[in-house]
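# Residue-level structural notes
So you can see what is in the structure, the chains are spelled out below.
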Amino acid sequence: MAFSFGGGGASTAGLAAPGFGTTTTAAPSAGFGFGATGTGGLFSHTQNKGFGFSSSFGTGATTSTGLGTSLGTGLGTGLGFGGFNTQQQTSGGFFGQLAQAPVQSNQLINTASALSAPTLLGDERDAIFAKWNQLQAFWGTGKGYFNNSIPPVDFTQENPFCRFKAVGFSCIPGSKDEDGLVILAFNRKEDDIRNLQQQLVEALHKVLGGNQTLTVNVEGVKALPDNQTEVLIYVVERSPNGTSKRIPATTLFNYIEQANIKNQLLQLGVVRTLTRTELSPAQLKQLLQNPPAGVDPIIWEQAKVDNPDAENLIPVPMVGFKELLRRLKIQEQMTKQHQTRMDIISEDISELQKNQATTVAKIAQYRRKLMDLSHRVLQVLIKQEIQRKSGYAIQVDEEHLRVQLDTIQSELNAPTQFKGRLNELMSQIRMQNHFGAARSEERYSVDADLLREIKQHLKQQQEGLSHLISVVKDDVEDIKLIEHGLHDSVHTRGGSFS
């Protein structure tokens, strides 16, 4: 994903190819644009705002007049430039630059006056205004009043005195302009985009004019923070002779940045468009040598020294808490994606381990089966050889083999040779099994406190049983007494009746 810190729009004569027509559009900078420029391309000789650059890679201007209406021809043959293109300036070349120099000088003078020597009241209260303006400049917001007859200075986070600035690192795009990769950021969730991907491709094809020679392809879909989704697309143009080629990224980007096309994309939910093109060595060198406006050159040089991977990463400024929060959300989103990928890899590894265990078991089973089959084949061969040699006398080589087998058998049966050793090994194995069975008896060790609690509990149970036994005995005695009384009363009644 290309990173753009601000809108690098410039009012230019549209770089339209045959088929696009001559248009006047705002051509935002693609790739690594760092701010808003007043006029001209991203690296033109103009006044810069934010993180623009004051130097240029070139001053060439390219214009063309559209003669046709074929979108396919226009995209295929258009003249386009990358993120560091240099476009024609509306301010008038050298004289326009001379006119802008006093404006920038007055801006610096007014800022210095607001921070150091305001003349509003003409007394000691001007020093309070100076401190207040300094605080606003450090914070990057507010207006600095310094003179009753001059408008105040607007303090933004891009001013060189703002303290809420840092430098991070972003990946350098690796795709070429010929790859034709253009990023469309949709204000929709990733699942919605994936479920409606085919309808999205058809809608984009209609936006590009519905030309049958053009094919819209989706290179990838990636989730972004704030329920946004990044869709990487490229357009392929088929020629009548059967060949096909990708539309260059800058050509496609310049076309979709036209006002009418951009409005159609907004209706589809596209919130921004970017190109993903690599930087040439000269562009990269120019970018690193010139610190962005408002960034201390010492900090910029230190960032280049601290770059962990100078081949693949490039320092980029971060201005304000919003930019820091944006990068934090992107980092969290990327961490979630990495975690998801790690979970998938972990599941794949678990599945492979299960498959490996199953394969090892099958190999062991097939090995046993092979051994059994080998024994069966050997038995068949023995029987076949016996039948084949039946009726023949024992040959010399067979006699030698019989003698060797008898010798081996006698050595095995000798008490001091292998048989004695085998008997000794068998006795050791029996002893180890006996000791192992004895050691396998479970033994428990109880903590002293726990043992004391168990004893206390058993004592209470014993006391309860003793009390229960005494109650039962008392009840038995009472029952005996009742029985004795009943027996006496029966005899007394019998005597009275008699």
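All of these numbers come straight from a predicted model, not from anything done at the bench.

So, about the overall build of the protein. Check the secondary structure of the protein and you find 13 helices and 13 strands. The buried share among the 498 residues of the protein stands at 30%. Contacts in the protein between residues far apart in sequence, at least 24 positions, make up 66% of those at least 6 positions apart. As presented, the protein carries roughly 32,600 Å² of accessible surface, and 57% of it is formed by carbon and sulfur atoms.

Further remarks concern the nonpolar core. Counting 23 residues, the largest nonpolar core has Leu184 and Ile256 as its most contacted members. Looking at this core, the elements with two or more residues in it are strand 8 (182-186), helix 5 (197-207), strand 9 (214-224), strand 10 (228-238), helix 6 (249-256) and helix 7 (259-267).

Further remarks concern the packing of aromatic side chains. Counted according to the given criterion, the structure contains two aromatic pairs. Taking 4.9 Å as the distance between ring centres and 80° as the angle between the ring planes, the aromatic pair formed by Trp139 and Phe164 counts as edge-to-face. Taken as a pair, Trp139 in helix 3 (residues 125-139) and Phe164 in the loop between strand 6 (153-154) and strand 7 (165-171) lie far apart in primary sequence, 25 residues in all. Both rings, one in Phe164 and one in Phe321, keep their centres 4.8 Å apart while their planes meet at 50°; by these two values the pair is tilted. Of this pair, Phe164 sits in the loop between strand 6 and strand 7 while Phe321 sits in helix 10 (residues 320-389), and the two are 157 residues apart along the sequence. A relative accessible area of 25% places Phe164 in the partly exposed class.

Our focus in this paragraph is helix 5. Buried within helix 5 we find Leu200, Val201, Leu204, His205 and Val207. In a view along the axis of helix 5, the buried residues occupy a sector of 155°, so they form one face of it. Exposed residues pointing more than 90 degrees away from the buried face of helix 5 are listed as Gln198 and Lys206. On its buried face, helix 5 sits against strand 8, helix 4 (190-195), strand 9, strand 10, helix 6 and helix 7. Positive backbone phi, at 105°, marks Gly209, one or two positions downstream of helix 5.

This part covers the side chain of Glu323. Tracing the backbone through its elements, the reader meets Glu323 in helix 10. In this structure the side chain of Glu323 is engaged in a polar contact, spanning 2.6 Å, whose partner is the side chain of Arg326.

Our next topic: the environment of Lys245. Relative to the elements of secondary structure, Lys245 occurs in strand 11 (residues 244-246). Linking Lys245 and Leu214, residues 31 residues apart in sequence, is a C-alpha distance of 9.9 Å.

Moving on, we come to the pairing of strand 10. For strand 10, the buried fraction is high: 10 of the 11 residues fall into the buried class. Taken together, the five bridges between strand 8 and strand 10 define a ladder with antiparallel strand orientation. The partner of Ala185 across the bridge, within strand 10, is Glu230. Relative to strand 10, strand 9 is paired through 10 bridges, and the arrangement is antiparallel. Bridging across to strand 10, Lys222 finds its partner in Glu230. Strand direction decides the pairing type here: strand 10 and strand 11, joined by three bridges, are antiparallel.

About the thresholds
Counting starts from 1 at the beginning of each chain's written sequence and moves along it residue by residue. At least 70 in pLDDT is required for a residue's local features to be given in this predicted model, at least 80 for side-chain atom pairs to be given and counted, and no such filter applies to totals for whole chains, interfaces and linings, which use all residues. Hydrogen atoms and water are omitted, and side-chain values are computed over all heavy atoms in the structure. Elements are defined by DSSP. Helices are runs of H or I of four residues or more, strands are runs of E of two residues or more, and each kind is numbered from the N terminus. Note on classification: 1.4 Å probe, protein chains only; a residue is buried when its accessible area is under 20% of the maximum for its type, exposed when over 50%, partly exposed between these limits. We call two residues in contact whenever any of their non-hydrogen atoms come within 4.5 Å of each other. All accessibility values rest on the Shrake-Rupley procedure with a 1.4 Å probe; residue burial counts only the protein chains present in the view. To qualify as a nonpolar core, a set must consist of buried Ala, Val, Leu, Ile, Met, Phe, Trp, Tyr and Cys residues joined through side-chain atoms within 4.5 Å. To pair, rings of Phe, Tyr and Trp, with the six-membered ring standing in for Trp, must have centres within 6.5 Å; the planes then decide the type, stacked if under 30 degrees apart, edge-to-face if over 60, and tilted in the middle. The arc in question is traced by the directions running from the helix axis to the C-beta atoms. We call two N or O atoms a polar contact when they sit within 3.5 Å, provided that within protein one can donate a hydrogen and the other can accept it, with sequence-adjacent residues counted only if both atoms are side-chain atoms. In this description, strands pair whenever DSSP reports at least two bridges between them.

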